[in-house]
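Each chain, written out:
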Amino acid sequence: MEVILAEHAGFCFGVTKAVDKVYEQIKSGKGNVYTYGPIIHNETVVKDLEEKGVKVIETFEELDSVTDGTIIIRSHGVTKQVYEALEQKGLEIIDATCPFVKRIHNIVAKESEKGKTIVVIGSSVHPEVEGIVSYANGPVYVLESPDEARVFTVDSGTELCLVAQTTFNYNKFKETIEIFEQKGYNVNIVNTICSATEERQTEAEKIAESVDAMIVIGGMHSSNTRKLYEICSKKCANTYFIQTLEDLHLDLPSEVKLVGITAGASTPKKIIEEVQNYVRRNF
Ligand code: F3S
């Protein structure tokens, strides 16, 4: 089988940095190591870290049981309240929040300080968005889709600042901007979708358009992988979402000659290579 592997598949620089920091900390042997939430949405990596003694703090309440050690903040950041609680506890904090996410925190803090109403385009239950929202000092709304943008209303004099979750679907972001412009709102739009996401999505869409089948690899809870799947499915009817090679039970129609592969930002290279080799050799 002929395979096209996306150049921008797998770990982005923010995830690489965060994961490296956890391994460095383990190596240093300096006491307990915690991550606030799983460091990435990849069960294989998280399991490996757990075996090496890293504990995952899942909830704010769980922090009560942590009295000493180092806590690593993952690439999509935490809320302002969690950050302050970590500081108060006197834990050593290694902040691996991606600079692209930090930039959004700063924009939101600054613009809402100026009195603007913040609109975040993204998933309201995603930790990154929860973090972004927490930096607003005034009114803040989360819109999950262009449909929600269509029914969104504020008083005509309201000054708005619109930002997006770093991994938001770029096409949907553009659609949302058009909706806001048509409404005639006074809105300052900042495209905060990170370049790694934009490149990954654009490339995946292009590949999906030209292949007979498309495989998207990534964690079930990874929002950027789900978006890749959504984008590719629109262009290629034979699109498959898998976490690892074990999930791959392809029953490809005989006319399939070319398969495309892409992967979310938290998918290790090893898994991508395994899938690629398998597809090349077995079909
Ligand atoms: Fe950062 Fe974008 Fe990756 S925000 S963590 S470079 S997906």
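Refer to the preceding data block for the structure.
Residues numbered from 1 in each chain as written. Predicted model: local features only at pLDDT ≥ 70, side-chain atom pairs only at ≥ 80, totals over all residues. Heavy atoms only, no water.

**Student:** Describe the overall build of the protein chain, listing the residues and the values that go with them.
**Tutor:** Secondary structure assignment for the protein chain yields ten helices and twelve strands. Rg of the C-alpha trace for the protein chain: 20 Å, near the compact-globule value of 19 Å for 283 residues, within the 12% margin. Here the C-alpha coordinates of the protein chain stretch approximately 60 × 55 × 25 Å along the principal axes. Residues counted as buried form 51% of the 283 residues belonging to the protein chain. By sequence separation, contacts in the protein chain at least 24 residues apart represent 70% of the contacts at least 6 residues apart. Put simply, the protein chain shows about 13500 Å² of open surface, and 48% of that area lies on carbon and sulfur atoms. The distance from the centre of the 30 positive side-chain charges to the centre of the 42 negative ones in the protein chain is 4 Å. (Helix = DSSP H or I, 4+ residues; strand = E, 2+ residues; numbered from the N terminus. Rg over C-alpha atoms; globule rule 2.2 N^0.38 Å. Buried < 20%, exposed > 50% of the residue type's maximum accessible area, 1.4 Å probe, protein only. Contact = heavy atoms within 4.5 Å. Areas by Shrake-Rupley, 256 points an atom, 1.4 Å probe, with all protein chains shown as cover. Lys, Arg positive; Asp, Glu negative; His and termini not counted. Charge placed at Lys NZ, Arg CZ, Asp CG, Glu CD.)

**Student:** With reference to specific residues and values, describe the nonpolar core.
**Tutor:** Ranked by internal contacts, the top residues of the largest apolar core, which has 28 residues, are I215, I217, V259 and V275. Listing elements by their share of this core, those giving two or more residues are α8 (195–210), β10 (213–217), α9 (223–235), β12 (258–263) and α10 (269–282). Looking at this core, the element that brings in the most residues is β10, giving five residues. If sequence neighbours within four positions are ignored, I217 has contacts with T225, I242, Q243, I261, T262, A263, G264, T267, I271, I272 and V275. (Core = buried A, V, L, I, M, F, W, Y, C linked by side-chain atoms within 4.5 Å.)

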